[in-house]
Amino acid sequence: LRPGAEPLSLGHIAGLGAAVGSALASVIVRKIGKDERSAVLMLYPMMLNFLVMAMIMPFVYQPMPMADMGLVALVSVLAFAAALLLIAAYRRGDAAVVAPMQYSQILWAAVYGLAFFDELPDTQTIIGAGIVILSGLYIVLRETVRGTSSTAPVTRTKSRAATVASPRI
């Protein structure tokens, strides 16, 4: 979203919304992922997505060719598997290590852009991506050198019954 490169449009808003939603999902999984079932962590975002898309669809619906249904099924299975793996990673690994690893998406996007669309990122994009990736690596290195904190948050030291603000759904 480089300012001035393109006039702002619904695509920009969708990109920002996707980034905010992804970040929010990562924070939620990090906070409650160890205590909550994977099915619950998958169900609520899917329900919200279904409701939002159901509200938007009447305005933009165009029938999909049957030939594309196989690709939609493949993307759905891969996205489901990716979400389960991300939940498992946050459960088993340190969040300070798992979260920056998602920055590899930047590299994959560049590879796929070159492979499928024959486009190369420009200099400003490479510099920006480099800053983001290096900051993620710095966080990983800082957290591994510093080690884990000896203090634990209240939610880790009390049972679910002792914390009134965290109901079981």
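For the structure, check the block above.
This report concerns the structure included in the present document.

Rules and cut-offs
Residues numbered from 1 in each chain as written. Predicted model: local features only at pLDDT ≥ 70, side-chain atom pairs only at ≥ 80, totals over all residues. Heavy atoms only, no water. Helix = DSSP H or I, 4+ residues; strand = E, 2+ residues; numbered from the N terminus. Buried < 20%, exposed > 50% of the residue type's maximum accessible area, 1.4 Å probe, protein only. Contact = heavy atoms within 4.5 Å. Areas by Shrake-Rupley, 256 points an atom, 1.4 Å probe, with all protein chains shown as cover. Patch = residues over 30% accessible without salt bridge, like charges linked within 9 Å, V, L, I, M, F, W, Y side chains within 5 Å. Salt bridge = Lys/Arg side-chain N within 4 Å of Asp/Glu carboxyl O. Axes fitted to C-alpha atoms, helices over the stretch in contact; angles between N-to-C directions. Parallel < 35°, antiparallel > 145°, perpendicular 65-115°, else oblique. Left-handed = near helix turned anticlockwise from the far one by under 90°. Core = buried A, V, L, I, M, F, W, Y, C linked by side-chain atoms within 4.5 Å. Phe/Tyr/Trp six-rings, centres within 6.5 Å; stacked < 30°, edge-to-face > 60°.

## Side note on the overall build of the protein
Then step 1. Looking only at helices and strands, the protein has seven helices and zero strands in total.
Then step 2. Along the chain direction, N to C, the helices and strands of the protein fall in the order α-α-α-α-α-α-α.
Then step 3. In the protein, which comprises 169 residues, the share counted as buried stands at 12%.
Then step 4. In the protein, 72% of the contacts between residues at least 6 apart in sequence involve partners at least 24 apart.
Then step 5. For the protein, the accessible surface area stands at approximately 13600 Å², while carbon and sulfur atoms represent 72% of it.

## A word on a nonpolar patch on the surface
Then step 1. Taken together, the side chains of L48, V52, M53, M55, I56, F59 and V60 present a nonpolar region at the surface, about 740 Å² in accessible area.
Then step 2. Structurally, M53 is set in helix α2 (residues 38-60).
Then step 3. Residue classification places M53 among the partly exposed residues on the basis of a relative accessible area of 45%.

## Overview of the packing of α2 against helix α3 (residues 69-92)
Then step 1. Two elements in contact, α2 and α3, have axes separated by 10 Å at closest approach and are oriented at 130°. Classified by the interaxial angle, the pair formed by α2 and α3 is oblique. Both α2 and α3 take part in a crossing whose hand is right-handed. Mapping the contact onto sequence places S38, L41, M42 and M46 in α2 and F80, A83, L84, I87 and R91 in α3.

## Details of the nonpolar core
Then step 1. Membership of the largest hydrophobic core is limited to seven residues, which are V29, L41, M42, I87, Y90, V98 and A99.
Then step 2. Beyond its immediate chain neighbours, meaning those up to four positions away, M42 contacts F80, A83, L84 and I87.

## Description of unusual backbone geometry
Then step 1. A positive phi angle is found at D118, which is not glycine, with a value near 55°.
Then step 2. Relative to the helices and strands, D118 resides in the loop between α5 (104-117) and α6 (123-146).
Then step 3. According to the relative accessible area criterion, D118 is exposed, its value standing at 67%.

## Digging into the packing of aromatic side chains
Then step 1. On inspection of all chains with the given rule, the structure shows two aromatic pairs.
Then step 2. Aromatic rings pair up to connect W108, Y112 and F116 into one cluster.

By themselves, these observations are geometric and do not establish any function.
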